[in-house]
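Spelled out from the first residue to the last, the chains are:
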Amino acid sequence: MKLLRIGAPAAEIPVIWHEDGSYRDLSSLVGDLAGSTVSLETLERLRAADHGALPEIAPDRIGSCLAWVPNFHCIGLNYRRHAEESGMAAPSEPILFNKASTALSGPNDPILRPAGSSQLDYEVELGVVIGAVCEHVSEAEALEKIAGYCVVNDVSERSFQLTRQGQWVKGKSAPSFGPVGPWLVTADEVPDPQDLKCWLDVNGETRQLSTTGDMIFSVAEIISYLSRFMRLVPGDLIATGTPEGVAMGMEPPQWLQPGDEVNLGFVGLGEQTQIVEEAPAPSLVP
Ligand code: ZN
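How each quantity is defined
- By convention here, each chain's residues receive numbers from 1 onward along its written sequence.
- Under the rules for a predicted model, residues below a pLDDT of 70 receive no local features and side-chain atom pairs below 80 are neither given nor counted, while totals for whole chains, interfaces and linings still include all residues.
- With hydrogens and water stripped out, all remaining heavy atoms of the structure feed into the side-chain values.
- Secondary structure elements follow DSSP: runs of H or I no shorter than four residues count as helices, runs of E no shorter than two count as strands, and numbering proceeds from the N terminus.
- Accessibility here uses a 1.4 Å probe with only protein chains present; expressed as a share of the type maximum, an area under 20% marks a residue as buried, one over 50% as exposed, and anything in between as partly exposed.
- Whether two residues are in contact is decided by their heavy atoms, any of which lying within 4.5 Å being enough.
- Computed with the Shrake-Rupley method and a 1.4 Å probe, the accessible areas treat only the protein chains shown as cover for residues.
- Positive charges are assigned to Lys and Arg, negative charges to Asp and Glu, while His and the chain termini are left out of the count.
- For the purpose of locating charges, the reference atoms are NZ of Lys, CZ of Arg, CG of Asp and CD of Glu.
- Counted as coordinating are nitrogen, oxygen and sulfur atoms within 2.8 Å of the metal, or 3.2 Å for Na, K and Ca, while water is not included, which may make sites look incomplete.
- Of the grid points, spaced at 1 Å and generated over the protein atoms alone, those admitting a 1.4 Å probe that cannot get out make up cavities, while open sets with protein on both sides within 12 Å along at least five of seven lines make up pockets; any residue with an atom within 4 Å of a point is treated as lining.
- Grid points are joined across faces, edges and corners, and a volume is the space filled by probe spheres set on the points.
- Note that Gly is not counted as nonpolar here; it falls among the polar residues with everything else outside the nonpolar set of Ala, Val, Leu, Ile, Met, Phe, Trp, Tyr, Cys and Pro and the charged set of Asp, Glu, Lys and Arg.
- The domain limits used here are those given by an automatic or database domain assignment.
- Buried area: the accessible surface (1.4 Å probe) lost by two parts on joining, summed over both.
- The term salt bridge refers to a pairing of a side-chain nitrogen on Lys or Arg with a carboxyl oxygen on Asp or Glu at a separation within 4 Å.
- By the criterion applied in these results, polar contacts are pairs of N or O atoms within 3.5 Å in which, for protein atoms, one can donate a hydrogen and the other can accept it, and in which residues neighboring in sequence qualify only through two side-chain atoms.
- The pairing criterion is simple: DSSP has to find at least two bridges between the two strands.
- Lines fitted to C-alpha atoms define the axes here, with helix axes fitted over just the stretch in contact, and angles between the N-to-C directions of these axes take values from 0 to 180 degrees.

## A word on the overall build of the chain
Move 1: The helix and strand tally for the chain stands at five helices and 19 strands.
Move 2: By residue count, 56% of the 286 residues in the chain fall in the buried class.
Move 3: A fraction of 76% describes how many contacts in the chain between residues 6 or more apart in sequence connect residues 24 or more apart.
Move 4: Per element, the accessible surface of the chain, about 11,900 Å² overall, is 53% carbon and sulfur.
Move 5: Counting 19 positive and 39 negative side-chain charges, the chain places the centres of these two groups 4 Å from one another.

## Details of helix α5 (residues 219-226)
Move 1: α5 sits mainly inside the fold: seven of its eight residues count as buried.
Move 2: Among the residues of α5, those classed as buried are Val219, Ala220, Ile222, Ile223, Ser224, Tyr225 and Leu226.
Move 3: Close packing links the buried residues of α5 with β5 (72-76), β6 (95-98), β10 (124-130), α3 (139-142), β11 (146-153) and β17 (237-239).

## Let's talk about the coordination of the zinc ion
Under perfect tetrahedral coordination by four donors, a metal shows angles of 109.5 degrees; under perfect octahedral coordination by six donors, it shows angles of 90 or 180 degrees.
Move 1: For the zinc ion, the protein coordination sphere consists of Glu123 (OE), Glu125 (OE) and Asp154 (OD), at 1.9 to 2.0 Å.
Move 2: For the zinc ion, the single-chain donor residues occur in sequence as E-x1-E-x28-D. Neither residue differs from the other here; glutamate 123 and glutamate 125 are each classed as buried.

## Section: the layout of surface pockets
Empty space left among the atoms is revealed by rolling a probe the size of a water molecule over them.
Move 1: The calculated volume of the largest pocket comes to roughly 360 Å³.
Move 2: What lines the largest pocket is a set of 20 residues, and nearest its centre among them are Arg61, Leu104, Ser105, Gly106 and Asp109.
Move 3: When the residues that make up the lining of the largest pocket are grouped by side-chain class, the tally is nine nonpolar, seven polar and four charged.

## Digging into empty space enclosed by the protein
Move 1: For the coordinates displayed, the defined rule picks out one cavity of 30 Å³ or more.
Move 2: In this structure, the largest cavity encloses a volume near 120 Å³.
Move 3: Secondary-structure elements contributing two or more residues to the lining of the largest cavity are β5 and α4 (158-162).
Move 4: Here the lining of the largest cavity takes three residues from α4, the largest share from any one element.
Move 5: Here the residues of the lining of the largest cavity sort into seven nonpolar, five polar and five charged.

## Quick notes on the domain arrangement of the chain
Move 1: Along its sequence, the chain is organised into domain 1 (2-57) and domain 2 (72-278).
Move 2: With centres defined by C-alpha atoms, the gap from domain 1 to domain 2 works out at 25 Å.
Move 3: Across the contact, 10 residues belong to domain 1 and 18 residues belong to domain 2.
Move 4: Across the domain 1/domain 2 interface, buried area totals approximately 1,100 Å², and carbon plus sulfur atoms make up 63% of it.
Move 5: For the pair domain 1 and domain 2, the interface holds two salt bridges.
Move 6: Summed over the shared surface of domain 1 and domain 2, the result is four residue pairs in polar contact (both at pLDDT 80 or more).
Move 7: Secondary structure elements with two or more residues in the side of domain 1 that touches domain 2: β1 (2-6) and α1 (40-48).
Move 8: Residue classes in the side of domain 1 that touches domain 2 are distributed as five nonpolar, three polar and two charged.

## A few points about the sheet that holds strand β2 (residues 13-17)
Backbone-to-backbone hydrogen bonds pair the strands of a sheet. The strands run either parallel or antiparallel.
Move 1: Ordered in space as β4-β3-β2-β1-β14-β11-β10-β17-β5-β6, the 10 strands form an open sheet in which the pairing is mixed. Each end of this open sheet is capped by a strand with a single partner; those strands are β4 (56-57) and β6.
Move 2: Inspection of the sheet shows β10 paired to β17 by three bridges, in the antiparallel sense. For glycine 127, the partnering residue across the bridge sits in β17 and is alanine 239.
Move 3: Sitting on the sheet, α1 touches β1, β11 and β14 (184-186), and the angle it makes with β11 is about 95°.
Move 4: Contacts from α5 reach β5, β6, β10, β11 and β17, with the element oriented near 55° to β10.

Have a look at this one:
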């Protein structure tokens, strides 16, 4: 299934992209898509429904495919060639960090450059959505815990991330730094998460072009590893790292600027397009 959320910001409704190409309103079956409503049990119930009998709705703005996330986990330096371009050694264990959950935004919403930003960057990533509680799950069982997959742009501000001391979260968390979607593609449609092609273009120029086969730690290893340190719950989102080609790795770096257009995606998981804008002045923020 390809699940998404359509409507104005904070007023989206849950939708399934039906096999006949139409969009069908799921709101008679689930309140929204987040947390327990993307558990494996709920997804099984949605799968069993007669999708063709649901009301058809017109396409409109697409929101994040998850209304909110219990946790927004991220893995750093998880592609061999990206670790090389960053001038850092390939990690011997997965590097964990977080994004603020309030960074979530729609796949085609603008990227808002925050006040004080000078090094705005992009990162196409495979998002993994957890569908069952995981604690000390084995690698062999880890993929069975996945609800689905989605495209994530791990938008980053490198000076906030790397020169302001402490954790990377500072450079990863501004509003709009987490475009997620368009779809939550259920795991049954992704037979091998280590065989997915991705790309990211800026103003039509290809910057990132890779496959998840270049990951240092596989999706199964990441879930198993995380679950040794914390409980994962349905709706948790894990951004699994980015391949080479980020602005920080260019000579000289080509940071995102207002007016730039970013297009990214994964074959089979959909694509996103964002325009970079200056964030509204603090006095205009609701
Ligand atoms: Zn990242």
